[in-house]
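Per-entry structural report
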Amino acid sequence: ITSIPTPCSGLAPPRGTGNWSADGNWASCSSTADDHRDCQMSDIRAAVIQAIDDFVCGRSDADTFVEAYSRLWQRIRQQQTQALASTPDSAAAVQQARLDAAAGRISPEEYVQRVRHAYAALPPMAIAPGTPVDELLSHLFVEANAYESDPQAREPYQIDSAALLEEARKVLAGLRA
């Protein structure tokens, strides 16, 4: 991600105006055949940043953020899975690294190195797996998944909206760093 807005600067028009579609996706590009893939890549990056920015700046509440972010996260993971599936050598290398790590044949550091090398051979995508951005967004997904709005239903491992907001702020700051 090359340009991260300052908090509350607004990367895209507010939801319900401008380029937001009915399904909650931000259409930031034209949809010609030549630029469709690049549009999808920039669209998801921008939509993720906008969802976080909306929550941090109070334009959406925690429930709305979790729903929107979860949909975006699924799109990111789907894109990453498809890229890995389309590159059999990389898929095999990742699988072998997992097997070797599980069997204790390689150290955690070597596992990370081998997986990152395999990921480097993948086709370009909005948010490549194993990158610092992916790790930040993965952390935020775990936190969003742990969110429970109802204090009576909240388990000890779950978090409230204030804790989720703090994590979103940290991730946004990390994306800007």
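Here we summarise the structure given alongside this text. Remember, predicted model here, so these are calculated numbers, not experimental data. (Residues numbered from 1 in each chain as written. Predicted model: local features only at pLDDT ≥ 70, side-chain atom pairs only at ≥ 80, totals over all residues. Heavy atoms only, no water.)

**So, the overall build of the protein**
Within the protein, the regular secondary structure consists of six helices and zero strands. Helices and strands appear in the protein in the N-to-C order α-α-α-α-α-α. Here the protein holds 177 residues, and the buried ones make up 37% of them. Carbon and sulfur atoms provide 53% of the accessible area of the protein, an area that totals close to 9800 Å². (Helix = DSSP H or I, 4+ residues; strand = E, 2+ residues; numbered from the N terminus. Buried < 20%, exposed > 50% of the residue type's maximum accessible area, 1.4 Å probe, protein only. Areas by Shrake-Rupley, 256 points an atom, 1.4 Å probe, with all protein chains shown as cover.)

**Some thoughts on the packing of helix H3 (residues 88-102) against helix H4 (residues 108-120)**
Contact geometry for H3 and H4: axes closest at 8 Å, N-to-C directions at 170°. Considering the angle they form, H3 stands roughly antiparallel to H4. Residues Ser90, Ala93, Val94, Gln96, Ala97, Arg98, Asp100 and Ala101 of H3 lie in contact with H4, whose contacting residues are Tyr111, Arg114, Val115, Ala118 and Tyr119. Partitioned by chemical class, the residues of the contact of H3 with H4 number eight nonpolar, two polar and three charged. (Axes fitted to C-alpha atoms, helices over the stretch in contact; angles between N-to-C directions. Parallel < 35°, antiparallel > 145°, perpendicular 65-115°, else oblique. Contact = heavy atoms within 4.5 Å. Nonpolar A, V, L, I, M, F, W, Y, C, P; charged D, E, K, R; others polar.)

**Side note on the packing of aromatic side chains**
Within this structure, the stated rule accounts for four aromatic pairs. Centroid distance Phe55 to Phe65: 4.8 Å. Interplanar angle 10°. Geometry classified as stacked. With Phe55 in helix H1 (residues 36-56) and Phe65 in helix H2 (residues 62-85), this residue pair connects regions lying ten residues apart in the sequence. Of the two residues, Phe55 and Phe65, neither departs from the other in class, the shared state being buried. When the ring of Trp73 is compared with that of Phe141, the centres are 5.2 Å apart and the planes differ by 15°; the resulting orientation is stacked. Of the two residues, Trp73 is situated in helix H2 and Phe141 in helix H5 (residues 132-145); the sequence distance between them amounts to 68 residues. Overall, the relative accessible area of 7% leaves Trp73 in the buried class. Judged by its relative accessible area of 23%, Phe141 falls in the partly exposed class. Members of the aromatic cluster, each reached through a chain of ring pairs, are Phe55, Phe65, Tyr69, Trp73 and Phe141. (Phe/Tyr/Trp six-rings, centres within 6.5 Å; stacked < 30°, edge-to-face > 60°.)

Such coordinate-based values are descriptive only and should not be taken to indicate function.
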